Amino acid sequence: MSGPPGTPHPPFGVAFVFSGTGLGQAPLRMPGANDRCTGAIAMPPSPSARRAAVSAALPPVIAVLALVALWSLLAAGQPPIVLPGPVRVLQAAIASWSSLRPAIAVTLLETALGLALALALAVPLAMALAGLPPLRRALQPLLVASQTVQVLAVAPLLVMWFGFGLTPKVLVVALACFFPLAISLADGLAGVDRAYLDLFASLGARPPQTWRLLRLPAALPAFFSGLKIAVTYGIVSATIGEWVGGSQGLGLYMLRSRNALRIDQVFAGMLVTTLLSMALYGAAVAAERRAMPWRRAS
Amino acid sequence: MTPSRLRLEGVGKSFGDLTAVQDLSLELAVGESLALLGPSGCGKSTVLAIAAGLLAPDAGRVLLDGEPLTAAGKLGFMPQRDLLLPWRRLIDNLILGPELQGVPPAAAREQARELLPLFGLAGFEDAWPAQLSGGMRQRAALLRTVLAGHDTLLLDEPFGALDALTRLGLQDWLAAMRERFGWTLLTVTHSPEEAVYLADRVLVLSPRPARPAARIDIDLPRPRVPALRADPAFGQQVGRVLTALGLT
Ligand SMILES: Nc1ncnc2c1ncn2[C@@H]1O[C@H](COP(=O)(O)OP(=O)(O)OP(=O)(O)O)[C@@H](O)[C@H]1O
Ligand SMILES: [Mg+2]
């Protein structure tokens, strides 16, 4: 952050004017603010920090355990073909791991490509919508309509048009993820406080500078809320695409398991789908934290 | 006669049914310091936004150096809210003006650093705005305006969020800078003392819609120095302003 020595002379050589007013306060050091930039080795978490982390993690852990307990209870009186218990599902997942693992890889690839496609379309469209209000008014209803389209109904059509390969699944994922990404980013870009735009105008900013230095960073929080919603749709949409017409992937794994009446494997597939979605959500949260370090400061 | 820097002629502005400014004229000569004083909500910030070229008046016109003002960015402008960008560290907020004008950031940071102690911001250059106190944020906003490099500054309550001591210190700084660089100042303030200390003339505005209610020439020697505050003549000028405000 520090500039090189020998930079041009300051415009206001004012320091000497005030060397007697008592205005220059003793430089207060704020612990943390600067230390972060010095690359100092991170201190081990203090006991109180660890206690805070534990008490933050406790409620969700308890909730999950309670759910698993309830599941076991419900499954106890049922034949495994109707409702397998958690242990049995876990065993099924391990036993069929050799077919689960490649299925996971395929589904993840479809999701990643679909998300990338959705992003590649949503970001420029959101910028156009935010920059051109008439366009926004014209397209907003169509965007909402695109969201109400039933993935389950469209997926077979996409398979019919694009075959059984990767393309229709990628398109299903992109269709599901596109709307939350485009709308939230467009809202964020268009919602920049007028006063900030005035500030930039008063500093002589040109429109590309206002986009780069004001609108885009200001829209980051909105963008990431859209991304977090989009990634939770992603895996599920890919499996729907596979279910209605796939030759591989988690959707097909679940379909085959159901046809073979291996309900424990169907549950294993659902479990894996959920875990993958949660992992993607976690990745989006991590990216959000990385992209907006100032949010941790307050 | 000194040439005119900024001239508002019969300016009016309404927001829907609400008339914020009506038939307001004012003149700011080169090197002059004018203070705008008036009750809250009377339209002072609106006048300043019009003068900065950020808001087009419904009536009247604005002349900058004799030419109609058509675009913003020709005058230094300090908005009433600090408007620091939360995603930029303090030092990078300060250099926003130079950076937008194409000055390399490293060079601009170097300039800004020299002024940090004076503005009570030393040691905080890498802090996020959210980590600063309200007073620090306001000083940062003033420094950002100053570093943008204009010699005519429109300041909207520049010291409003400051404690009394810091406020007096920065008034001294502003008065001295004005002498040193021949700045032309249009300052909105709620404080009669501040108006008298900083300005050659005080324009008292009526309650909304803002219209000139009184124009007071401040008859005090320049440069303004801290000792002046203890001078009976200073109190006398403040008294005149208070009378114009109907407070005596
Ligand atoms: N963009 C706007 N839209 C609608 N009304 C506005 C707008 N800006 C200002 N106003 C109204 O115009 C009037 C004058 O506002 P302005 O901000 O100029 O007052 P002010 O004198 O600066 O007040 P204060 O001393 O409290 O800062 C207020 O009644 C305000 O509600
Ligand atoms: Mg105001």
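Residues numbered from 1 in each chain as written. Chains lettered and ligands numbered in written order. Predicted model: local features only at pLDDT ≥ 70, side-chain atom pairs only at ≥ 80, totals over all residues. Heavy atoms only, no water.

S.K.: Hey, could you run me through the pairing of strand β8 (residues 184-189) of chain B in this one?
M.R.: Regular strands have side chains that alternate between both faces of the sheet. Residue and element names in this part refer to chain B. For β8, the tally of buried residues reaches six of six residues, placing the bulk of the element in the interior. Side chains T184, L186 and V188 of β8 all project onto a buried face; the interleaved residues L185, T187 and T189 project onto the opposite face, where all are buried too. Taken together, the five bridges between strand β3 (residues 33-37) and β8 define a ladder with parallel strand orientation. Residue pairing across strands places L36 opposite V188, the latter belonging to β8. Note that strand β7 (residues 152-156) and β8 share five bridges and pair parallel. Across the sheet, residue L155 finds its bridge partner in β8, namely T187. A crossover connection joins β7 to the parallel β8 through helix α6 (residues 164-181); in handedness this β-α-β unit is right-handed. (Buried < 20%, exposed > 50% of the residue type's maximum accessible area, 1.4 Å probe, protein only. Helix = DSSP H or I, 4+ residues; strand = E, 2+ residues; numbered from the N terminus. Pairing = 2+ DSSP bridges. Right-handed = clockwise from strand over helix to strand, strands pointing away.)

S.K.: How should the pairing of β3 of chain B be read in this particular structure?
M.R.: Residues and elements named next belong to chain B. Along β3, five of the five residues are buried, which leaves the element largely enclosed by surrounding structure. What you see with β3 is no split at all: S33, A35 and L37 on one side and L34 and L36 on the other are buried throughout. Across four bridges, the pairing between β3 and strand β9 (residues 201-205) is parallel. Across the sheet, L34 pairs through a bridge with R201, a residue of β9.

S.K.: Looking at this model, I keep getting lost on the coordination of the magnesium ion (ligand 2). Mind explaining?
M.R.: Put simply, a metal with four donors set out as a tetrahedron has ideal angles of 109.5 degrees, and one with six donors set out as an octahedron has ideal angles of 90 or 180 degrees. Residues and elements named next belong to chain B. Ligation of the magnesium ion (ligand 2) by protein atoms is provided by S45 (OG) and Q80 (OE1), these donors lying 1.9 to 2.2 Å from the ion. With a gap of 35 residues between them, S45 in helix α1 (residues 44-51) and Q80 in the loop between β6 (76-78) and α2 (90-94) connect regions that are remote in the sequence. Since its relative accessible area comes to 28%, S45 is described here as partly exposed. Using a relative accessible area of 41% as the deciding quantity, one classes Q80 as partly exposed. (Donors = N, O, S within 2.8 Å, 3.2 Å for Na, K, Ca; no water.)

S.K.: Would you mind going over the confidence of the model for chain B with me for this structure?
M.R.: Close inspection of predicted coordinates is inappropriate for parts of the model with low pLDDT. Residue and element names in this part refer to chain B. Looking at chain B as a whole, the pLDDT averages 92, with 100% of positions reaching at least 70. Ranking the elements of chain B by mean pLDDT puts α6 last with 88 and α2 first with 97. The complex prediction reports pTM at 0.83, with the ipTM value standing at 0.92. (pLDDT = per-residue confidence, 0-100.)

S.K.: What am I meant to see in a nonpolar patch on the surface here?
M.R.: Residue and element names in this part refer to chain A. The grouping of L90, I94, L271, L275 and M278 at the surface amounts to a nonpolar patch, some 510 Å² of accessible area in total. If you list the elements that add at least two residues to the nonpolar patch, you get α2 (86-95) and α10 (263-291). If you tally residues by element for the nonpolar patch, the top one is α10, at three residues. Tracing the backbone shows I94 in helix α2. The class of I94 is exposed, set by a relative accessible area of 63%. (Patch = residues over 30% accessible without salt bridge, like charges linked within 9 Å, V, L, I, M, F, W, Y side chains within 5 Å. Areas by Shrake-Rupley, 256 points an atom, 1.4 Å probe, with all protein chains shown as cover. Salt bridge = Lys/Arg side-chain N within 4 Å of Asp/Glu carboxyl O.)

S.K.: What's the story with the side chain of S237 of chain A in this structure? I'm lost.
M.R.: Residue and element names in this part refer to chain A. Tracing the backbone through its elements, the reader meets S237 in helix α8 (residues 207-245). A relative accessible area of 5% means that S237 is categorised as buried. A distance of 2.7 Å separates the side chain of S237 from the backbone oxygen of Y233, its partner in a polar contact. Ignoring sequence-local partners within four residues, the contact set of S237 consists of V172, V173 and A176. (Polar contact = N/O pair within 3.5 Å; in protein donor to acceptor, adjacent residues only side chain to side chain. Contact = heavy atoms within 4.5 Å.)

S.K.: Looking at this model, I keep getting lost on the pattern of salt bridges. Mind explaining?
M.R.: Two side chains carrying opposite charge are able to pair once their charged atoms lie near each other. All names here are of chain B. Counted under the stated rule, the structure contains 23 salt bridges over all chains. With a closest N to O distance of 2.6 Å, R178 and D200 form a salt bridge. Taken together, the residues span a long stretch of sequence, with R178 in helix α6 and D200 in the loop between α7 (192-198) and β9 at a distance of 22 residues. Of the residues examined, R178 reaches a relative accessible area of 3% and is grouped as buried. Here D200 and R222 are joined by a salt bridge, their closest N and O atoms 3.9 Å apart. Here D200, found in the loop between α7 and β9, pairs with R222, found in the loop between β10 (212-217) and α8 (232-244); they are 22 residues apart in sequence, far enough to count as distant. Judged by relative accessible area, D200 falls into the buried class, the value being 16%.

S.K.: Is there a simple way to think about the site of ligand 1 in this case?
M.R.: Residues and elements named next belong to chain B. The environment of ligand 1 is made up of 14 residues, and the closest members are S40, G41, K44, S45 and T46. At 2.7 Å from an oxygen atom of ligand 1 is found a side-chain nitrogen or oxygen belonging to K44. Side-chain polar atom of R208 to an oxygen atom of ligand 1: 3.2 Å apart, as the coordinates give it. Considering ligand 1 on its own, with 640 Å² of exposed area, one finds that the protein chains cover 64% of that surface. If you list the elements that add at least two residues to the shell around ligand 1, you get β2 (18-29) and α1. When residues of the shell around ligand 1 are assigned to their parent elements, the largest contribution, three residues, is made by α1. Here the residues of the shell around ligand 1 are counted per class, giving four nonpolar, seven polar and three charged. (Near = heavy atom within 4 Å. Nonpolar A, V, L, I, M, F, W, Y, C, P; charged D, E, K, R; others polar.)

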